[in-house]
Amino acid sequence: MKDAGDNPVPLTIGRAIDNNLVVDHPSVAAHHAQLHREGSRHRLVDLASTNGTFVNGTQITSQVLNDGNTVHLGSVALEYSGGRLSMQASDTPEPKRSPVAGKGQSLAQRITAPPSFNKSSPKMLVVLVGLAVAAAAVVLLVVVETGPADLDPPPTTLATPSTEVSNTPTTVTPLSSSSAPLKIPSGQEPDWEQLARSVVDIWSLDCEWGGSGTIVLDGSYILTNAHVAIDVEGTGKKCTLIVGFTETFEDPPSPDGYVPAETVLYDNDLDLAVLRLIDPISGQPMIARGRPPIDVRRHELKLGEEISALGYPGIGGLSITYSKGSVAGRINLPKDEGGGYGEFIKTSDLKLGHGSSGGAAFNSTGQFIGVPSSGIASEVVCEDELCFAEDSSVALIRPSSHAEDFLARVP
């Protein structure tokens, strides 16, 4: 930390390779912080990073470090001890591999079957898997048995939803003209590049999975799946989330452009959630300016009607992916402990890979028609306590009618 003239020089920390200490993680800014030598002590200085620098849980701009201090750069934990600043590998998810890049991996569907499925059954096993992508394993939403006994589907209006609402922020960033919903003139081909700017990438730093979302309402809210925002199969906790935005369809969201988001409403039965964007500097709700919110309302669909989807499945790269297919019908799934039941739009030719969960589906005129949520795999092979499912042969989309009613419940 000295130059050739024996003068103190700061040590830089960040994601870029020109730093003295490189921390390759999407929550870390390219040049995140500096460490200054002050006699026998060291001072940590934040470089106006997006996700902040924290010492013992408190956000700082400049602070002298003491032995035993825990430092967080974004979500990455380091420890200051004996004049050394070292990474806490146990608290940092796979620091050598970007978790966002993990979305591009093709993962086999490894699913633990409930005890009742470990024995052979004359009924066909159908596995409904969420389209969120995990860093280590794909999340199972629900396992159901189908057969002749499945005669009476549940009503399409879901009863007694289980909802959690956080405290509503009291200060809201003033609205701008960009908060007007995006509408496509009648008879005009949708501008898919413009629509893509209103579909976001979502990553959970602690739950270690990712998905997609859609900017809605006043432009400060994101509509997504509950299984993207909540650890529905584990503790049920709200995941720590960051949201990234696309500038052009050719490029992935900039790692420096991710902002925090908090879950303000979720419903496991609908498998829907609403996030609110948080300004990383003020800690107050923020609007995604220049990205018109998508107008969410119910639309009737016909069998065979053309539909398209936008999301971040990670297949073929980390940039946004457009896919096209058609309506294959409707399905009513019975309620199961795994969550996500009721009415869905079926499509067999619209390819939705893991990471598409929570994205946006549109009709041929660019109107929002639903949230890609999960898929049904028709082939399941069980060995001991593990079941292996092939890629989803039918993708399921939660209709916009449910999303419209759900958004009406936002405080």
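Here, the structure is the one placed above.
Keep in mind that this is a model prediction, so the values were computed, not measured.

K.L.:
Mind laying out the side chain of T246, listing which residues take part and the relevant values?
P.N.:
Structurally, T246 is set in the loop between β19 (241–244) and β20 (259–267). Here T248 takes part through its backbone oxygen, which lies 2.9 Å from a polar atom of the side chain of T246.

K.L.:
Could you give an account of the pairing of strand β9 (residues 76–81), naming the residues involved and the relevant values?
P.N.:
Looking at chain direction, strand β8 (residues 69–73) and β9 are connected through five bridges and run antiparallel. Pairing of N69 across the sheet is with Y80, part of β9. In sequence, β8 turns back onto β9 through a hairpin of two residues, with G74 there showing a positive phi of about 65 degrees. In the sheet, β9 pairs with strand β10 (residues 84–87) via four bridges, with the strands oriented antiparallel. Its bridge partner lying in β10, E79 is registered against S86. Two successive antiparallel strands, β9 and β10, enclose a turn made up of two residues, where G82 displays a positive phi of approximately 60 degrees.

K.L.:
Run through the pattern of salt bridges, naming residues and quoting values.
P.N.:
According to the stated counting rule, one finds twelve salt bridges in the structure shown. When the shortest N-O distance is used, the salt bridge between R43 and E38 registers 2.7 Å. Take R43: its relative accessible area is 23%, and that puts it in the partly exposed class. Bridged by salt links that share partners, the residues R197, E247 and R291 form one connected network.

K.L.:
How would you explain the sheet that holds β10 if you had to name every residue and give the values?
P.N.:
On the basis of which strands lie adjacent, the open sheet formed by five strands has the order β6-β5-β8-β9-β10 and antiparallel pairing. Edge strands, defined here as strands with exactly one partner in the open sheet, are β6 (58–60) and β10. With strand direction ignored, the average angle separating the axes of adjacent strands in the sheet is 30 degrees. As judged from the three bridges shared by strand β5 (residues 53–55) and β8, these two strands associate in the antiparallel manner. Of the residues in β8, the one forming a bridge with T53 is L73.

K.L.:
Can you explain the environment of V28? Please cite residues and give values.
P.N.:
The residue V28 is located in the loop between β2 (21–22) and β3 (33–38) in this model. With 24 residues separating them in the primary sequence, V28 and G52 have C-alpha atoms 8.5 Å apart. Look past the residues within four positions of V28 in its chain and what remains in contact with it is G14, R15, V23, L73, V76 and D256.

K.L.:
Tell me about the sheet that holds β3, and please be specific about residues and values.
P.N.:
Overall, mixed pairing links the five strands, which are arranged β2-β1-β3-β4-β7 in an open sheet. Only two strands of the sheet have a single neighbouring strand rather than two, namely β2 and β7 (62–64). Bridge count between strand β1 (residues 11–14) and β2: two bridges; the pairing is parallel. What sits directly across from G14, in β2, is V22.

Scoring rules and cut-offs
- Residues numbered from 1 in each chain as written.
- Predicted model: local features only at pLDDT ≥ 70, side-chain atom pairs only at ≥ 80, totals over all residues.
- Heavy atoms only, no water.
- Helix = DSSP H or I, 4+ residues; strand = E, 2+ residues; numbered from the N terminus.
- Polar contact = N/O pair within 3.5 Å; in protein donor to acceptor, adjacent residues only side chain to side chain.
- Pairing = 2+ DSSP bridges.
- Salt bridge = Lys/Arg side-chain N within 4 Å of Asp/Glu carboxyl O.
- Buried < 20%, exposed > 50% of the residue type's maximum accessible area, 1.4 Å probe, protein only.
- Axes fitted to C-alpha atoms, helices over the stretch in contact; angles between N-to-C directions.
- Contact = heavy atoms within 4.5 Å.

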